[in-house]
Amino acid sequence: MPDDVMPPPESASAEAEIEPILTVPPVPGAPKPNPLLVVDDLSRSFGGLRAVDVDHLEVERGVVTALIGPNGAGKTTLFNLLTGFDRADTGRWSFNGEAVVAPSPDQLARKGMIRTFQLTKSLAKLTVLDNVLLGAPRQVGERLSAAPFRSRWQDQEQANTEKAGELLERFNLAHMRDDLAGTLSGGQRKLLEVARALMADPVLIMLDEPMAGVNPALAQSLMGHITRLAFEGLTVVFIEHAMEVVTGISDWVVVLAQGQIIAEGPPWKAIHDEVVIDAYLGRRRAEAGS
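The structure displayed is predicted, hence computed values, not measured ones.

(A) Region of the structure containing helix α2 (residues 75–82). Across the 8 residues that make up α2, a large majority, 7, are buried. Among the residues of α2, those classed as buried are K75, T77, L78, F79, N80, L81 and L82. Once α2 finishes, G84 follows within two positions and takes phi at roughly 85 degrees, a positive value.

Listed below in structure tokens is the structure:
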């Protein structure tokens, strides 16, 4: 096994960390002991299609939550709404105890909510190192008033470069730090996105299908990295289709179908819920039509 591949433990978080979530009843919209994100009456329609229709959702602090559901269930749309990349028709939500008002991606990023995308957003003509440095917040040297005066920002620049280098080491990309990001494989670009997200010191990191298009070795490595994030105290929410990934690294599962939360619970319960099986396989619809 390569050095950078870390097999996920049985739980994504330390047992003491996730014990409170295991006392939560496995029902849609269940209240959590220490929620980081609380969502109410959130909806988004596109024409006549109700893409998201969430009555209530709470995301527990410090655990790994998987967001699953059939294709077209509204998972990415929900991510887009919560992170300010789309506007909700209705709804209110709070993050880390503060109401989110007129959300924008940069505002939420400064508050500690960072997301990645299913299609990676690396800047192909910048180096791997520069891509990670883009994630550093509050860079003094970017201000017009400070840019001409190197003494005002050189210490921060050095600290950011050292931190970026450490993250590249962590994700086994250090040997490519001076290569253009466009030369990376799809899996390496996924790792690069997570590294860049961590430059912002997030409280919550939201990963949209992090394993999509990733070869098995890098997928295993990425699973290990997500596990490590939880051990370090971050809250992780990720969209995923592969059930072996969901059961391998998540502490809690939220299931969407037709924009609504139809089930919640620990992975071993949620994925065997009859309502969830019906949503994926359309069993009741097929029986009704036969």
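Now that the structure has been shown, the text picks up again.
(B) Fine view of the packing of aromatic side chains. In this structure the tally under the stated criterion is 1 aromatic pair. Taking the centre distance of 5.1 Å and the plane angle of 90 degrees together, the rings of F85 and F117 count as edge-to-face. Of the two residues, F85 is situated in the loop between α2 and β4 (90–95) and F117 in the loop between β6 (113–115) and α4 (128–133); the sequence distance between them amounts to 32 residues. Here R115 stacks its cationic end above the ring of F85, 5.3 Å away from the centre of that ring. Against the face of F117 rests R115, its NZ or CZ located 4.0 Å from the ring centre.

(C) Examining the environment of I249 more closely. Tracing the backbone shows I249 in helix α8 (residues 243–249). I249 sits 186 residues away from V63 along the chain, and the two C-alpha atoms are 10.0 Å apart.

(D) Up close: the pattern of salt bridges. The full count for this structure, using the stated rule, is 12 salt bridges. The partner of D208 in a salt bridge is R115, and the shortest N-O contact between them spans 3.6 Å. Taken together, the residues span a long stretch of sequence, with D208 in strand β7 (residues 204–208) and R115 in strand β6 at a distance of 93 residues. On the basis of relative accessibility, which here comes to 3%, the residue D208 falls in the buried class. According to the relative accessible area criterion, R115 is buried, its value standing at 9%.

(E) Local environment of the pairing of β7. Among the 5 residues of β7, 5 are classified as buried, and the element is accordingly described as predominantly covered. Side chains of β7 alternate between two faces, with L204, M206 and D208 and I205 and L207 buried alike. Where β6 lies against β7, 3 bridges are found, and the strand directions are parallel. Bridge assignment links M113 to a residue of β7, and that residue is L204. Bridge analysis of β7 against strand β8 (residues 235–239) gives 5 bridges, and the strand direction is parallel. Across the sheet, residue D208 finds its bridge partner in β8, namely I239. Where the polypeptide runs from β7 across helix α7 (residues 216–231) and back to β8, its parallel neighbour, the crossover connection is right-handed.

(F) Structural view of the nonpolar core. V132, F171, L192, V194, L198 and I205 are the most contacted members of the largest nonpolar core, which totals 48 residues. Beyond its immediate stretch of four places on either side in the chain, I205 contacts I114, V194, A197, L198, L229, L234, T235, V236 and V237. Grouped together as the second largest cluster of nonpolar side chains are 30 residues, V24, A73, F79 and M113 included.

(G) Seen up close, empty space enclosed by the protein. With the rule as written, the count across this model stands at 2 cavities of 30 Å³ or more. If you add up the space inside the largest cavity, you get close to 80 Å³. Looking at the lining of the largest cavity, the elements with two or more residues in it are β2 (49–60), β3 (64–68) and α2. Here the lining of the largest cavity is built from residues that sort into 10 nonpolar, 1 polar and no charged. The space that makes up the second largest cavity amounts to roughly 50 Å³. Taken together, T116, F117, K190, E193, V194, L207, D208, E209, P210 and L222 make up the lining of the second largest cavity. At the level of elements, α6 (186–198) and β7 are the ones that each hand at least two residues to the lining of the second largest cavity. Here the element with the most residues in the lining of the second largest cavity is α6; it accounts for 3 residues.

The rules behind these values
Counting restarts for each chain: residues are numbered from 1 in the order of the written sequence. For a predicted model such as this one, the threshold for reporting local features is a pLDDT of at least 70, and the threshold for listing and counting side-chain atom pairs is 80 or more; totals across whole chains, interfaces and linings nevertheless cover every residue. The basis for the side-chain values is all heavy atoms of the structure; hydrogens and waters are excluded. Note on classification: 1.4 Å probe, protein chains only; a residue is buried when its accessible area is under 20% of the maximum for its type, exposed when over 50%, partly exposed between these limits. In this description a helix means any DSSP run of H or I spanning at least four residues, a strand means any run of E spanning at least two, and both kinds are numbered starting from the N terminus. Stacked, tilted and edge-to-face are the three classes applied to pairs of Phe, Tyr and Trp rings, where Trp contributes its six-membered ring and a pair requires centres within 6.5 Å; stacked means planes under 30 degrees apart, edge-to-face means over 60, and tilted covers the rest. The rule is short: NZ of Lys or CZ of Arg within 6 Å of the ring centre and within 35 degrees of the ring normal puts a charge over the ring. We define a salt bridge as a side-chain nitrogen of Lys or Arg found within 4 Å of a carboxyl oxygen belonging to Asp or Glu. Strands qualify as paired when DSSP identifies two bridges or more between them. Here the term right-handed applies to a crossover when the path leading from its first strand over the helix to its second strand runs clockwise, the strands being oriented away from the viewer. Throughout this description, the term nonpolar core refers to a set of buried Ala, Val, Leu, Ile, Met, Phe, Trp, Tyr and Cys residues connected via side-chain atoms within 4.5 Å. Contacts are assigned to residue pairs that have any heavy atoms within 4.5 Å of one another. The method works on a 1 Å grid over the protein atoms by themselves. A cavity is a set of points holding a 1.4 Å probe that cannot get out, a pocket is an open set with protein on both sides within 12 Å along at least five of seven lines, and residues with an atom within 4 Å of a point line them. Grid points are joined across faces, edges and corners, and a volume is the space filled by probe spheres set on the points. By the convention adopted, Pro, Cys, Tyr, Trp, Phe, Met, Ile, Leu, Val and Ala count as nonpolar, Lys, Arg, Asp and Glu as charged, and the other residues, Gly among them, as polar.

Keep in mind that these numbers describe shape and distance, not what the molecule does.
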